[in-house]
Amino acid sequence: MSEEIKVIVFGLADEEYGVEVDKVRTIERMMPITRVPKTHSFIKGVINLRGVVLPVIDLRGRFGLPETEETESSRVIIVAVNDMEVGFIVDAANDVIDIDEKSIDTPPEVVGGIKAKYLRGVAKIGDNRLLIMLNLSEVLNKSEIIQLEQVEA
């Protein structure tokens, strides 16, 4: 029997990405972000969300995509993985859909310029829609982020 998972669909650089609903705490409009010195350029800073200070990552920067200005549709998706809560800046949060676990294929080495290790797979939806599923534990890989900080410091 195939298993359906609920997925939040968001846009980033003309592609559609998905992340499991159970990892998403909330989706927020853009808010003031306080810069933190000596961090990666993709770590935009921290936000105060209802009394909780959370780091915010620009997913475009994390994946090496060109960064763009915020728009009216830009959102911060708050996710929780491995006891970490982090906000991701995305171009737009579009939809919540159910997808069949079996429709998720292993990702190719690179999709839209993003390395496969950041991807859980690519889900086929209908006849001509592909949804890039993120592997949040790699996107939020603490040791890699710390290593990068030491290189850039």
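See above for the structure.
Not measured: the values here are computed from a predicted model. (Residues numbered from 1 in each chain as written. Predicted model: local features only at pLDDT ≥ 70, side-chain atom pairs only at ≥ 80, totals over all residues. Heavy atoms only, no water.)

With respect to the helices and strands, the residue V86 is situated in strand β7 (residues 84–90). Of the residues examined, V86 reaches a relative accessible area of 2% and is grouped as buried. When the C-alpha positions of V86 and I47 are compared, they lie 9.7 Å apart, and in sequence the two are 39 residues distant. If we ignore the near neighbours within four places in the chain, the residues touching V86 are P55, I57, I77, I78, V79 and L140. (Helix = DSSP H or I, 4+ residues; strand = E, 2+ residues; numbered from the N terminus. Buried < 20%, exposed > 50% of the residue type's maximum accessible area, 1.4 Å probe, protein only. Contact = heavy atoms within 4.5 Å.)

The next subject is the sheet that holds strand β8 (residues 92–100). Strand order in the open sheet formed by six strands is β8-β1-β2-β13-β12-β9, with mixed pairing between adjacent strands. One side of each edge strand has no neighbouring strand; the edge strands of this open sheet are β8 and β9 (104–105). Where strand β12 (residues 119–125) and strand β13 (residues 129–134) come together, six bridges link them in antiparallel fashion. Paired with V122 across the two strands is I132, which belongs to β13. (Pairing = 2+ DSSP bridges.)

Strand direction decides the pairing type here: strand β2 (residues 15–20) and β13, joined by two bridges, are parallel. Across the sheet, residue G18 finds its bridge partner in β13, namely M133. The turn linking β12 back onto β13 is made up of three residues, and G126 within it adopts a positive phi angle of 65 degrees.

This next bit is on the packing of aromatic side chains. Counted according to the given criterion, the structure contains three aromatic pairs. Ring centres 6.5 Å apart and planes at 25 degrees place the aromatic pair Y17 and F63 in the stacked group. Placement of the pair is Y17 in strand β2 and F63 in the loop between α1 (59–62) and β6 (75–81), with a sequence separation of 46 residues. You'll find Y17 and F63 in the same group, each marked buried. A centroid spacing of 5.5 Å and a plane angle of 40 degrees characterise the contact between F63 and Y118, whose relative ring orientation is tilted. One end of the pair, F63, is in the loop between α1 and β6; the other, Y118, is in the loop between β11 (114–115) and β12, and 55 residues separate them in sequence. Summarising the burial analysis for this pair, F63 and Y118 share the class buried. Linked through ring pairs, F10, Y17, F63 and Y118 together constitute an aromatic cluster. (Phe/Tyr/Trp six-rings, centres within 6.5 Å; stacked < 30°, edge-to-face > 60°.)

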